[in-house]
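Letter by letter, the chains look like this.
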Amino acid sequence: MNRGTGGGFVAAGFSLLFFAFLFGPLIIMVITAFNSSSFPRITPWECFTTDWFGVLFGDNRLMGGLLNSLVIAVGVVAIAVPIGLAGALALSELGPKLRATLYTVLITPILIPGVVLGISTIVFWGALGRSVGAGYGSFFFNGMFLTLAGQVTFISAYAMLVFMARLQRFDPLLTEAALDLGATPGQAFRKILLPFLGPAIGSAAFLTFLASFENYNTTVFTILSDSTFTTALASKVRLGTDPSLSALAVIIIGITLIGAIVHEAHARRQEALRTGTAPRSRVYGNPVLKTLVHPLTVFILLAGAAGLAAYLGSQHDASACKAGILEEKRARQQQLLDEQRKRIEEQRKQAAPTAPSAAPGKASPSPFGGAFNPGSLAPNAAPAPAAEPPKSNSPFGGAFNPGELKPE
Amino acid sequence: MTSKDIVLDHVSIRFGHYTAVDNAHLKIKGGEFFSFLGPSGCGKTTLLRCISGFNDPTEGRVLIGTQDMKGIGPNKRPTALIFQNLALFPLMSVAENIAFPLEVRGVGKKDRLKRADELLEMIALPGVGGKKVHELSGGQRQRVAIARALAVEPDILLLDEPLSALDLKLRHHMRTELRAIQQRVGLTFIYITHDQGEALTMSDRVAVMNKGVIEQVDPPETIYNRPKTSFVASFVGETNAIEGKVASQTEGVVALDTQIGRLTGRAAGGRSYKSGDQCYLFIRPEQLKLSENQENTVSAQWIKEEFEGNSRQMFLDAKGVDLRLSRVNSGQSPEDLSGRSVSLGFAADQAIVLPHGDLAGA
Ligand SMILES: Nc1ncnc2c1ncn2[C@@H]1O[C@H](COP(=O)(O)OP(=O)(O)OP(=O)(O)O)[C@@H](O)[C@H]1O
Ligand SMILES: [Mg+2]
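Residues numbered from 1 in each chain as written. Chains lettered and ligands numbered in written order. Predicted model: local features only at pLDDT ≥ 70, side-chain atom pairs only at ≥ 80, totals over all residues. Heavy atoms only, no water.

*Asks:* Can you help me understand the overall build of chain B in this one?
*Replies:* Along the backbone of chain B there are eight helices and 19 strands. Counting across all 362 residues of chain B, residues that qualify as buried make up 52%. Contacts in chain B between residues at least 24 apart in sequence constitute 66% of all its contacts with a sequence separation of at least 6. (Helix = DSSP H or I, 4+ residues; strand = E, 2+ residues; numbered from the N terminus. Buried < 20%, exposed > 50% of the residue type's maximum accessible area, 1.4 Å probe, protein only. Contact = heavy atoms within 4.5 Å.)

Put into structure tokens, the structure is as follows:
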């Protein structure tokens, strides 16, 4: 297909759909983070607010989990990367038969479901702990330790794969050359192999950090009564969602974007330096532009912009607008109540039964008379007669939302 | 015996049941330019790695100076190896590469970079120290590898086909340069190649290897003119090999019954043959003439002719035996012999008779 046959339109339409599918949810999520409505949604738009970020940071369980996650992730990186490196080096030294066997053994943890790993980690360390007579206060029964142990078992295999891929491109003659030139094996390792593996160490550290941070299947078992970011998030979602999760999404998307842009700046600069086109290029040849597109400058600029946005956001006060909305809602409720009262009076006058379901339908724009609006369930709102809480997204209709429980 | 001498004392190297080097026994003198010449896979690299200390001999000993090298690692030997693919460190600059041997010996940064500059001067590449290795041409890399190997002044420089990746012209240039460097620094050079031209032009002595066995160790001229085995005769230089049975031998002259009649040649190295021995007669293309000779005359059919600039190569068929004749280009077009039957002749003392054995490329 080509432009002449209209293929261009199809292709463009397809790409558009594709990107809408890919980014639509993210964009909607970002917008909902700034709507004061206590359920994440775009319409009706109530007020522009940054309060959900405050709600997010005020969530102790989530923040505690975040800290735990970070501690565990750093621990996993510190343990899994050296183990993975050692495994990859061992494999590269072995004969083909032994290598195949050992490879299978080392790679198995990736193939085992995380749930199984999680349970077996508890069982193993628990049994070990009991056999040495350790009490429940010992590290054998510590959620943080168990999570670290459980995650390391399979995450080090990821690290190993990264190192193996890099090692395959290493010319072992370089090590021999170093030895021949008088280097000790230790020097050859430090000065030749390790610098070659440098990029792989970086990516392995990044990969293991992310794998640890986002892990749920194993962690949900091994963390025991503690919680990590993922487990705290999961239990929060289970209890009904509010826009503070959207706020979290905004932060994560922001960090990802900054990371991606800085990385891209770094990659382009490296490329220009490597191919030696830098002095001739329009961007890298110009001293001002050169400093401007330096990854560090890019990072500082972006981080500064994010910081500014955060500061401005924290200064924003939506309480006036919110009060207005609340007033509106009260008025609407009052109106509904009045109508109700009128109807009841009329009914009493006529003393003839009417189909109850038809009545509110006419008065309210929604068939449920606004019952879905969690705001209408605020404690001081008198329940409308038709408001037998129907199938809300959460059985508690957002009653657990921390924002909802704030004193008015 | 000086510290730069190398003795291979009945060295054999085996990988499992495969014998890569079989009973190598020779002495390389200090300051000598010594080449190992042999076809691919004959065990040259294996032998060199054994001298450098990367694999131990299965049998026998390697001595450098008077010291047995057993158990002494490659980093403790007074040898420097220039690898077949050079093995320059790609992440380091040229100067860092050259200074590496000094760095691992704890020489300070300033001193070692100064030495690197000196060496760059010596290999006629001043000012490239800051470049990355991949920014250099093949010939420049070559010289950098040599400079790196010379940085700590080893006693013995081992070179594993270092010129094989270069184009013809650069190769010729580097040959001269290597030879000049060797004479200037006075090291023992052990040079490996499968290119006989390289071995013959540069070396003081050449060892010809075949299937792990060292067949002959001699100066280049002797190797070329007086090969000791049929492999050496056929591997070094172009030659015609004619198979036959010994009919008789009178003093140094052997008469051979071959497919193309009775031919005579001299017995190599004063050998004496019994009548009926299977032998080869070797005659170089440039010794074969387009005229009858009273000692040896062969009639053959013209097949094709190739012009090579300084010479013409004529390919002929004599009753199923391929022959090759080389004529110096005199500047005038010779008589056109296309498709004709011609008579060839050669003198008996230009031909050598050697016992039946491996032929190169066969
Ligand atoms: N580590 C090893 N294990 C098993 N066999 C080996 C090993 N190293 C070399 N060989 C074998 O020994 C023989 C000689 O190898 P070597 O590398 O010495 O050849 P070479 O003469 O250097 O050839 P080339 O001119 O192609 O470099 C080859 O047949 C090779 O297969
Ligand atoms: Mg080789």
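*Asks:* Please explain the sheet that holds strand β16 (residues 311-318) of chain B as it appears in this structure.
*Replies:* Working definition: the strands of a sheet are paired by backbone hydrogen bonds and lie parallel or antiparallel to each other. All names here are of chain B. Taken together, the four strands give an open sheet; going across it, the order is β17-β16-β15-β18, and neighbouring strands pair in antiparallel fashion. Edge positions in the sheet fall to β17 (321-328) and β18 (341-346), since each of these pairs with one other strand and no more. Across the sheet, the mean angle from the axis of one strand to that of its neighbour is 45°, orientation sign disregarded. Sheet topology note: the strand β15 (residues 296-307)/β16 ladder contains six bridges and is antiparallel. Counterpart to Q301 in the pairing with β16 is D317. (Pairing = 2+ DSSP bridges. Axes fitted to C-alpha atoms, helices over the stretch in contact; angles between N-to-C directions.)

*Asks:* Is there a simple way to think about the sheet that holds strand β5 (residues 67-68) of chain B in this case?
*Replies:* Residues and elements named next belong to chain B. What the four strands build is an open sheet, ordered β2-β1-β4-β5; its pairing is antiparallel. Across the chains shown, the open sheet's two edge strands, defined by having one partner strand only, are β2 (18-28) and β5. Looking at chain direction, strand β1 (residues 6-15) and β2 are connected through seven bridges and run antiparallel. Bridge pairing in β2 places R14 opposite T19. Seen against the sheet, helix α1 (residues 44-52) touches β1, β2 and β4 (59-64) and runs at an angle of roughly 120° to β1.

*Asks:* I keep staring at the UniProt feature "transmembrane region" (unreviewed entry) in chain A and nothing clicks. Help me out?
*Replies:* The positions UniProt marks with the feature "transmembrane region" (unreviewed entry) are residues 7-34, 66-91, 103-127, 139-163, 192-213, 245-267 and 288-312 of chain A. The span residues 139-163 of chain A carries 84% helix and 0% strand; its end-to-end C-alpha distance comes to 31 Å. (UniProt positions renumbered as here; feature names shortened; annotations may be inferred.)

*Asks:* Any chance you could explain the site of ligand 1 here in plain terms?
*Replies:* All names here are of chain B. Near ligand 1, the surroundings consist of F15, Y18, A20, S40, G41, C42, G43, K44, T45, T46, Q84 and E161. G43 is positioned such that a nitrogen or oxygen atom in its backbone is 3.1 Å from an oxygen atom of ligand 1. One of the side-chain N or O atoms of T46 is found 2.5 Å from an oxygen atom in ligand 1. Here ligand 1 has 630 Å² of accessible area as a free molecule, and 60% of this is covered by the chains. Examining the composition of the shell around ligand 1, we find that three residues originate from one element, α1, more than from any other. Residues of the shell around ligand 1, tallied by class, amount to four nonpolar, six polar and two charged. (Near = heavy atom within 4 Å. Polar contact = N/O pair within 3.5 Å; in protein donor to acceptor, adjacent residues only side chain to side chain. Areas by Shrake-Rupley, 256 points an atom, 1.4 Å probe, with all protein chains shown as cover. Nonpolar A, V, L, I, M, F, W, Y, C, P; charged D, E, K, R; others polar.)

*Asks:* What's the story with the interface of chain B and chain A in this structure? I'm lost.
*Replies:* As a measure of interface size, the accessible area lost when the parts come together is often cited. Contact with chain B, which involves 24 residues of that partner, is made by 19 residues of chain A. With both chains or domains summed, chain B and chain A bury close to 1800 Å², and 64% of this area falls on carbon and sulfur atoms. Taken together, the links from chain B to chain A amount to two salt bridges. Among the ionic pairs, E176(A) bridges to R49(B), the shortest N-O distance being 2.6 Å. In this assembly, chain B and chain A are joined by eight residue pairs in polar contact (both at pLDDT 80 or more). (Buried area = accessible area lost by both parts, 1.4 Å probe. Salt bridge = Lys/Arg side-chain N within 4 Å of Asp/Glu carboxyl O.)

*Asks:* Hey, could you run me through the packing of aromatic side chains in this one?
*Replies:* Two descriptors summarise a pair of aromatic rings, namely the distance from one centre to the other and the angle between the planes of the rings. Residue and element names in this part refer to chain A. In total, this model carries 18 aromatic pairs over all chains according to the counting rule given. Centre to centre, the rings of W125 and F145 are 5.0 Å apart; their planes meet at 85°, and the pair counts as edge-to-face. One end of the pair, W125, is in helix α5 (residues 114-131); the other, F145, is in helix α6 (residues 143-168), and 20 residues separate them in sequence. Their ring planes at 5° and their centres at 6.2 Å tell us that F209 and F213 sit as a pair that is stacked. Taken together, the residues F209 and F213, both in helix α8 (residues 185-213) and four residues apart, mark about one turn of the helix. Using a relative accessible area of 27% as the deciding quantity, one classes F209 as partly exposed. (Phe/Tyr/Trp six-rings, centres within 6.5 Å; stacked < 30°, edge-to-face > 60°.)

*Asks:* Would you explain the pattern of salt bridges in this entry?
*Replies:* A side chain of one charge can pair with a side chain of the opposite charge when the charged atoms of the two come close. What the rule picks out here adds up to 23 salt bridges over all chains. Here K236(A) makes a salt bridge to D59(A), at a shortest N to O gap of 3.3 Å. With K236(A) in helix α10 (residues 229-238) and D59(A) in the loop between α2 (51-58) and α3 (60-93), this pair connects stretches of sequence that are 177 residues apart. Of the two residues examined, K236(A) and D59(A), each falls in the buried class. One salt bridge connects E118(B) with R115(B), and the closest N-O pair in it is separated by 3.4 Å. Taken as a pair, E118(B) and R115(B) lie in helix α3 (residues 109-122) at a separation of three residues, close to a single helical turn. Bridged by salt links that share partners, the residues R115(B), E118(B) and E153(B) form one connected network.

*Asks:* Would you explain the packing of α6(A) against α8(A) in this entry?
*Replies:* Any two packed helices are characterised by the angle at which their axes cross and by the distance between the axes. Residue and element names in this part refer to chain A. Closest axis-to-axis distance for the α6/α8 pair is 9 Å, and the angle between their directions is 150°. In terms of crossing hand, the pair formed by α6 and α8 is right-handed. Across from Q151, I155, Y158, A159, V162, F163, R166 and L167 in α6, the residues of α8 making contact are L193, F196, L197, P199, A200, I201, S203, A204, L207, T208, A211 and S212. Of the residues contributing to the contact of α6 with α8, the split by class is 15 nonpolar, four polar and one charged. (Left-handed = near helix turned anticlockwise from the far one by under 90°.)

*Asks:* Would you explain the confidence of the model for chain A in this entry?
*Replies:* Predicted coordinates in regions of low pLDDT should not be interpreted in detail. Residues and elements named next belong to chain A. Residues of chain A with pLDDT of at least 70 account for 84%, and the chain-wide mean is 80. Within chain A, the lowest mean pLDDT, 44, falls on helix α16 (residues 358-363), and the highest, 91, falls on α8. Predicted confidence is poor over residues 357-371, with pLDDT under 50, and the contacts of this stretch with residues over four places away or in other chains come to 16 contacts. Contacts from residues 374-408, a stretch scored under 50 in pLDDT, to residues over four places away or in other chains number 33 contacts. (pLDDT = per-residue confidence, 0-100.)

*Asks:* Help me understand empty space enclosed by the protein in this model?
*Replies:* Rolled over the atoms, a probe as big as a water molecule pinpoints where empty space is left. All names here are of chain A. Tallied over the full model, the rule gives one cavity of 30 Å³ or more. If you add up the space inside the largest cavity, you get close to 40 Å³. Lining the largest cavity, in full, are S69, I72, A73, T147, Q151, S212, F213, N215, T219, T228 and T230. Listing elements by their share of the lining of the largest cavity, those giving two or more residues are α3, α6 and α8. Looking at the lining of the largest cavity, the element that brings in the most residues is α3, giving three residues. (1 Å grid on protein atoms, 1.4 Å probe; cavity = no way out; pocket = protein on both sides within 12 Å on 5 of 7 lines; lining within 4 Å. Points joined across faces, edges and corners; volume = space filled by probe spheres on them.)

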